Structures are given as structure tokens and as C-alpha cells.
Amino acid sequence: LRGLVVVPLLAVLSWGRNELCACIERRDRRIILARCVAEVSNAFCFLGAIHLGPLADVAVVTGAQPLLVMLGAACFLGEQIGRTSWLLGTLGLLGIVMVSRPLAIVNVSPSIFLAIIS
């Protein structure tokens, strides 16, 4: 719904500044295409997860994403994370584990896997 308002507004503003047809360098086209494909598949997986399963389960997995980004930044990008952030991140992940009930494997819906992929 937000896109229905923002995209036409940005198109009019870009057209007024003669920036609507930006030249994209050849080496950047593949990266931009890969990013677009990833964004569209992310949206489909997330909407499929909401459609197939309980919203609470999808919300739990979605809530873990910022914490996992922090962990990935520390492990793969060498980002310096303070002691307080590690403590709060650990507590957040423990809370997500408690809410998601990992021992109830029998009742896991396919929506959880779609939410993880997204």
C-alpha cells in the first residue's frame, strides 16, 4: 500500500529533475538484478509464511533477524560489538527460543521454514 503512494511520487519528482532514466554501469547490472530477485523472493517467502501458518510463529522468526544480523556482522565482517550488546543479543535469542518452543518439533508448520528463508 505504501508503494502505491511512494512510487508515483518518486517518479514525478525524478522526472522533474531529469533523473528518471539513470544510466547504470554494465558491471552493476548483475548486482542490481540479483538484489531485485532476492527482494522479490524474500517478499514471496514472507507472504507465503503468513498465509500458511500462525502469525505468531512468523513474528518470532522475524524478530530474530536483527539479532542474527548482529551476529553475522561480528563473525563475518569483523564488526566490533560491545559487551552490553552481546549480553542483550544473547538474552533476545534466548527469549526467541523460549517463545518458539523448539522441543515441539511435531507441530512445526511449513510456514516456519518460509519465514527463515525470508
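Fair warning: this is a prediction, and the values are worked out from it, not measured in the lab. (Residues numbered from 1 in each chain as written. Predicted model: local features only at pLDDT ≥ 70, side-chain atom pairs only at ≥ 80, totals over all residues. Heavy atoms only, no water.)

**Student:** Go over the overall build of the chain with me, naming the residues and quoting the values.
**Tutor:** What the chain contains, in helices and strands, is 5 helices and 0 strands. The N-to-C order of helical and strand elements in the chain reads α-α-α-α-α. When burial is assessed residue by residue, the chain has 15% of its 118 residues classed as buried. Contacts spanning at least 24 positions in sequence make up 69% of the contacts within the chain whose residues lie at least 6 apart. (Helix = DSSP H or I, 4+ residues; strand = E, 2+ residues; numbered from the N terminus. Buried < 20%, exposed > 50% of the residue type's maximum accessible area, 1.4 Å probe, protein only. Contact = heavy atoms within 4.5 Å.)

**Student:** Can you tell me about the pattern of salt bridges, naming the residues and giving the values?
**Tutor:** Under the defined criterion, the tally for this structure stands at 3 salt bridges. A salt bridge links R27 to E25; the shortest N-O distance between them is 3.2 Å. A salt bridge links E39 to R35, with the shortest nitrogen-to-oxygen separation between them at 3.7 Å. Here the residue E39 and the residue R35 both occupy positions in helix α2 (residues 26–52), the gap between them amounting to 4 residues, near one helical turn. When salt bridges that share partners are traced, they join E25, R27 and D28 into one network. (Salt bridge = Lys/Arg side-chain N within 4 Å of Asp/Glu carboxyl O.)

**Student:** Account for the nonpolar core, naming residues and giving values.
**Tutor:** In this structure, A49, V58, V61, I112 and A115 together form the largest nonpolar core, which totals 5 residues. Among the elements of the structure, α3 (55–76) and α5 (110–117) are those that each provide at least two residues to this core. Ignoring sequence-local partners within four residues, the contact set of A115 consists of A49, V58, V61 and Q65. (Core = buried A, V, L, I, M, F, W, Y, C linked by side-chain atoms within 4.5 Å.)

**Student:** Describe α2, and please don't skip the residues or the numbers.
**Tutor:** Spanning 27 residues, α2 covers 40 Å between terminal C-alpha atoms, matching the ideal 39 Å at 1.5 Å per step. Among all positions of α2, only C45, G48 and A49 are buried. In this structure, the buried residues of α2 make contact with α3 and α5. (Expected span 1.5 Å × (residues − 1).)

Limitation: the analysis is restricted to geometry and does not speak to function.
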